[in-house]
Amino acid sequence: MKPVRLLGVKNGMQPLYGMIHGRFQPFHIGHLDYMKKAMARCQRLIVGITNPDPFEVEEEADSSHRHLKDANPYTFFQRLSMVKALLIEENVDLRTVTLIPFSVHHPEKWPYYLPPAHSVVHYMRIFSDWEQTKADRLRANGFTVEILDEGVPKSFSGIDVRGEMERGNGWKRLVPPAVVQVIEEINQGKL
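Quick look at the structure, then. Bear in mind the structure is a predicted one, so any value in this text is a computation, not a measurement. (Residues numbered from 1 in each chain as written. Predicted model: local features only at pLDDT ≥ 70, side-chain atom pairs only at ≥ 80, totals over all residues. Heavy atoms only, no water.)

### Remarks on the pairing of strand E5 (residues 144-147)
Consideration 1: Across 4 bridges, strand E4 (residues 120-124) lies against E5 in parallel orientation. Note on E5: the bridge partner recorded for His122 is Val145. (Pairing = 2+ DSSP bridges. Helix = DSSP H or I, 4+ residues; strand = E, 2+ residues; numbered from the N terminus.)

### Observations regarding the side chain of Arg23
Consideration 1: By secondary structure assignment, the location of Arg23 is in the loop between strand E1 (17-22) and helix H1 (29-39).
Consideration 2: Buried and unpaired, Arg23 has no salt bridge, with Glu131 as the nearest side chain of opposite charge at 8.4 Å. (Buried < 20%, exposed > 50% of the residue type's maximum accessible area, 1.4 Å probe, protein only. Lys, Arg positive; Asp, Glu negative; His and termini not counted. Salt bridge = Lys/Arg side-chain N within 4 Å of Asp/Glu carboxyl O.)

### Observations regarding helix H2 (residues 76-89)
Owing to its 3.6 residues per turn, the α-helix aligns residues three or four sequence positions apart on the same side.
Consideration 1: Here H2 spans 20 Å end to end across 14 residues, near enough to the 20 Å set by a 1.5 Å rise per residue.
Consideration 2: Residues Gln78, Arg79, Ser81, Met82, Val83, Leu86 and Leu87 constitute the buried set of H2.
Consideration 3: Elements that come into contact with the buried residues of H2 comprise H1, strand E2 (44-49), strand E3 (97-101) and helix H5 (177-187).
Consideration 4: Asn91 lies just past H2 and shows a positive phi near 55°. (Expected span 1.5 Å × (residues − 1). Contact = heavy atoms within 4.5 Å.)

### With respect to the packing of aromatic side chains
Two aromatic rings, taken as a pair, are described by how far apart their centres are and by the angle between their planes.
Consideration 1: Tallied over the full model, the rule gives 3 aromatic pairs.
Consideration 2: Where Phe102 meets Trp110, the ring centres are 5.3 Å apart and the plane angle is 25°; that geometry is what we call stacked. Trp110 carries the same exposure label as Phe102, and that label is buried.
Consideration 3: Geometrically, the ring pair formed by Trp110 and Phe143 is edge-to-face, given 5.9 Å between the ring centres and 70° between the ring planes. Of this pair, Trp110 sits in the loop between E3 and E4 while Phe143 sits in the loop between helix H3 (129-140) and E5, and the two are 33 residues apart along the sequence. We note that Trp110, like Phe143, is buried.
Consideration 4: An aromatic cluster is present here, built from Phe102, Trp110 and Phe143 joined pairwise through their rings. (Phe/Tyr/Trp six-rings, centres within 6.5 Å; stacked < 30°, edge-to-face > 60°.)

### Some thoughts on the nonpolar core
Looking at soluble globular proteins, one finds that nonpolar side chains tend to be buried together.
Consideration 1: In this structure, Ile20, Phe27, Met35, Leu45, Val47 and Met82 are the most contacted members of the largest nonpolar core, which totals 31 residues.
Consideration 2: Of all the secondary-structure elements, those providing two or more residues to this core are H1, E2, H2, E4 and H5.
Consideration 3: The element best represented in this core is H5, accounting for 5 residues.
Consideration 4: Residues Ile46, Trp110, Met124 and Leu138 belong to the second largest nonpolar core, which totals 16 residues. (Core = buried A, V, L, I, M, F, W, Y, C linked by side-chain atoms within 4.5 Å.)

### Describing the sheet that holds E5
Consideration 1: Taken in spatial order, the 5 strands line up as E3-E2-E1-E4-E5 in an open sheet, and their pairing is parallel. Each edge of the sheet is formed by a strand with only one pairing partner; in this case those strands are E3 and E5. Between one strand axis and the next, the sheet turns by 30° as a mean value, whatever way the strands run.
Consideration 2: Of the strand pairs in this sheet, E1 and E4 are connected by 3 bridges, and their pairing is parallel. Bridge pairing in E4 links Met19 to His122.
Consideration 3: Packing of H2 onto the sheet brings it into contact with E2 and E3, and relative to E3 it is tilted by some 170°. (Axes fitted to C-alpha atoms, helices over the stretch in contact; angles between N-to-C directions.)

Following this line, the structure appears as structure tokens:
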């Protein structure tokens with residue numbers, strides 16, 4: 001039997017599948033930059049929306065807030081709608097992107113949502129111990145992890161966007177126009 005290897009990476013080609021993941025509470029321009037960089041490195045992109053089920057979210061030692069209700073104001077469907085609207089706005093061929101729920105807390109579920117580990121490169125940015133914990137967890141479960149923008153500081157976060165929204169300030173400059181529209185639909189009770 002031949003050894004299993006990451007599809008396409010060894011011979012200089014892009015891997016078949018790349019993956020990014022995040023809570024996207026909400027999806028902001030930093031996420032868009034992250035997504036574009038990952039898309040440039042793979043043939044097909046998987047976008048994992050984390051914390052899809054509030055009943056399965058667990059507190060993590062390296063993440064003091066991501067499990068809190070206030071840090072997760074949008075439902076999985078609302079965040080899925082944000083990402084899909086953004087992909088359409090960016091003229092992305094939707095046949096090349098798969099949107100999935102992705103529970104970072106339950107690696108035992110990953111085989112039911114993802115292609116085999118040897119077929120997927122997880123693209124990540126490391127801004128804190130929490131991202132490093134996730135990268136280590138992915139590697140421990142057989143996935144290849146490629147760090148994007150290593151050493152570059154985070155310019156802003158979902159916390160910043162949500163704070164601007166609470167204050168009624170210029171939050172719209174921090175999210176793509178398609179996401180602004182989805183958030184406005186959410187605020188009007190349409191989503």
